[in-house]
Amino acid sequence: MVAVFTYGTLQVPKIFEAVTGTTAASKPAVLQDYARYGIRGQVFPGIIPEHGASVTGRYYFNIDVRTLASIDEFEDVLYERRTVHVNVGDKKRPAEAYVVSLPYRDWLNGRPWRLDTFRDRHLAGYISRCRRFSREFGNENQSA
């Protein structure tokens, strides 16, 4: 079991469930020395190391191997999974996070990505897209 730090669309519990087919306990968290930017032509973000910056997100506890494999598949080659340390409450905890891979960093648009903007403009359609992914990956209704 591992913990996963999500900072983009997967921090929305309905999207996490649509992608993985399960629910997971989570808490708000902050990742220091990383910045979150939009990806050109997409509604989701990426993070990269950036001294002095910080990224808010969710820390999902006790993620099993199957769920982690679903997230790995969902995140695709654009990202590499790294172990980072995030602030959860008053404690620093290790977590897996998906960082934009070096060959794809030029895909970032340089503009901060905002969760509230994503929710207002793209949430409903994105959940449907994630459910299709989950069916293709074989995760549908794993938690139901």
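Residues numbered from 1 in each chain as written. Predicted model: local features only at pLDDT ≥ 70, side-chain atom pairs only at ≥ 80, totals over all residues. Heavy atoms only, no water.

## What about the side chain of Arg58?
Turning to step 1, where the next piece is worked out: Tracing the backbone through its elements, the reader meets Arg58 in strand 3 (residues 45–63).
Turning to step 2, where the next piece is worked out: The buried charged residue Arg58 lacks any salt bridge, with Glu17 as its nearest oppositely charged partner at 13 Å.
Turning to step 3, where the next piece is worked out: Only 2.9 Å separates the side chain of Arg58 from the side chain of Ser26, close enough to count as a polar contact.
Turning to step 4, where the next piece is worked out: The contacts of Arg58, once residues within four sequence positions are left out, are Val4, Phe5, Thr6, Gln11, Ser26, Lys27, Pro28 and Ala29. (Helix = DSSP H or I, 4+ residues; strand = E, 2+ residues; numbered from the N terminus. Buried < 20%, exposed > 50% of the residue type's maximum accessible area, 1.4 Å probe, protein only. Lys, Arg positive; Asp, Glu negative; His and termini not counted. Salt bridge = Lys/Arg side-chain N within 4 Å of Asp/Glu carboxyl O. Polar contact = N/O pair within 3.5 Å; in protein donor to acceptor, adjacent residues only side chain to side chain. Contact = heavy atoms within 4.5 Å.)

## Some remarks on the nonpolar core
Turning to step 1, where the next piece is worked out: Ranked by size, the top nonpolar core spans 45 residues in total, and within it Phe5, Ile15, Leu31, Tyr79 and Val86 carry the most contacts.
Turning to step 2, where the next piece is worked out: Of all the secondary-structure elements, those providing two or more residues to this core are strand 1 (2–6), helix 1 (13–20), strand 2 (26–39), strand 3, helix 2 (65–75), strand 4 (79–88), strand 5 (91–100) and helix 3 (115–137). (Core = buried A, V, L, I, M, F, W, Y, C linked by side-chain atoms within 4.5 Å.)

## Digging into the packing of helix 2 against helix 3
Turning to step 1, where the next piece is worked out: Axis separation between helix 2 and helix 3 bottoms out at 11 Å; the angle between their running directions is 120°. Between helix 2 and helix 3, the angle is such that the two are oblique. Seen from above, helix 2 lies across helix 3 with right-handed handedness. Of the residues in helix 3, those touching helix 2 at Ala69, Ser70, Glu73 and Phe74 are Tyr126, Cys130, Phe133 and Phe137.
Turning to step 2, where the next piece is worked out: Split by residue class, the contact of helix 2 with helix 3 holds 6 nonpolar, 1 polar and 1 charged. (Axes fitted to C-alpha atoms, helices over the stretch in contact; angles between N-to-C directions. Parallel < 35°, antiparallel > 145°, perpendicular 65-115°, else oblique. Left-handed = near helix turned anticlockwise from the far one by under 90°. Nonpolar A, V, L, I, M, F, W, Y, C, P; charged D, E, K, R; others polar.)

## What about the pattern of salt bridges?
Turning to step 1, where the next piece is worked out: Going through the model one piece at a time under the given rule, you end up with 4 salt bridges.
Turning to step 2, where the next piece is worked out: As a salt-bridge pair, Arg81 and Asp72 come within 2.9 Å of each other at their nearest N and O atoms.
Turning to step 3, where the next piece is worked out: Note that Arg81 is salt-bridged to Glu96, the shortest N-O span being 3.3 Å. Pair noted here: Arg81 is in strand 4 and Glu96 is in strand 5, with a separation of 15 residues, a long-range link.

## Re the packing of aromatic side chains
Turning to step 1, where the next piece is worked out: Throughout the structure, instances matching the rule amount to 7 aromatic pairs.
Turning to step 2, where the next piece is worked out: Seen in terms of ring centroids, Phe16 and Tyr60 are 4.0 Å apart; in terms of plane orientation they differ by 10°. Their pairing is stacked. Of this pair, Phe16 sits in helix 1 while Tyr60 sits in strand 3; the two residues are 44 residues apart in sequence, bridging distant segments of the chain.
Turning to step 3, where the next piece is worked out: Ring centres of Tyr59 and Phe61 lie 4.9 Å apart, and the angle between their planes is 80°; this geometry places the pair in the edge-to-face category.
Turning to step 4, where the next piece is worked out: Overall, Tyr59 belongs to the buried group, its relative accessible area being 5%. (Phe/Tyr/Trp six-rings, centres within 6.5 Å; stacked < 30°, edge-to-face > 60°.)

## Topic: the layout of surface pockets
Turning to step 1, where the next piece is worked out: Taken as a whole, the largest pocket spans an internal volume of roughly 440 Å³.
Turning to step 2, where the next piece is worked out: Along the wall of the largest pocket there are 24 residues; nearest its centre are Phe44, Phe74, Glu75, Tyr79 and Tyr126.
Turning to step 3, where the next piece is worked out: Residue assignment for the lining of the largest pocket shows that the elements contributing at least two residues are strand 1, helix 2 and helix 3.
Turning to step 4, where the next piece is worked out: Ranked by residues supplied to the lining of the largest pocket, first place goes to helix 3 with 4 residues.
Turning to step 5, where the next piece is worked out: Of the residues contributing to the lining of the largest pocket, the split by class is 16 nonpolar, 4 polar and 4 charged.
Turning to step 6, where the next piece is worked out: Its volume calculated, the second largest pocket comes out at about 230 Å³.
Turning to step 7, where the next piece is worked out: Broken down by element, the residue count for the lining of the second largest pocket peaks at 4 residues, all from helix 3. (1 Å grid on protein atoms, 1.4 Å probe; cavity = no way out; pocket = protein on both sides within 12 Å on 5 of 7 lines; lining within 4 Å. Points joined across faces, edges and corners; volume = space filled by probe spheres on them.)

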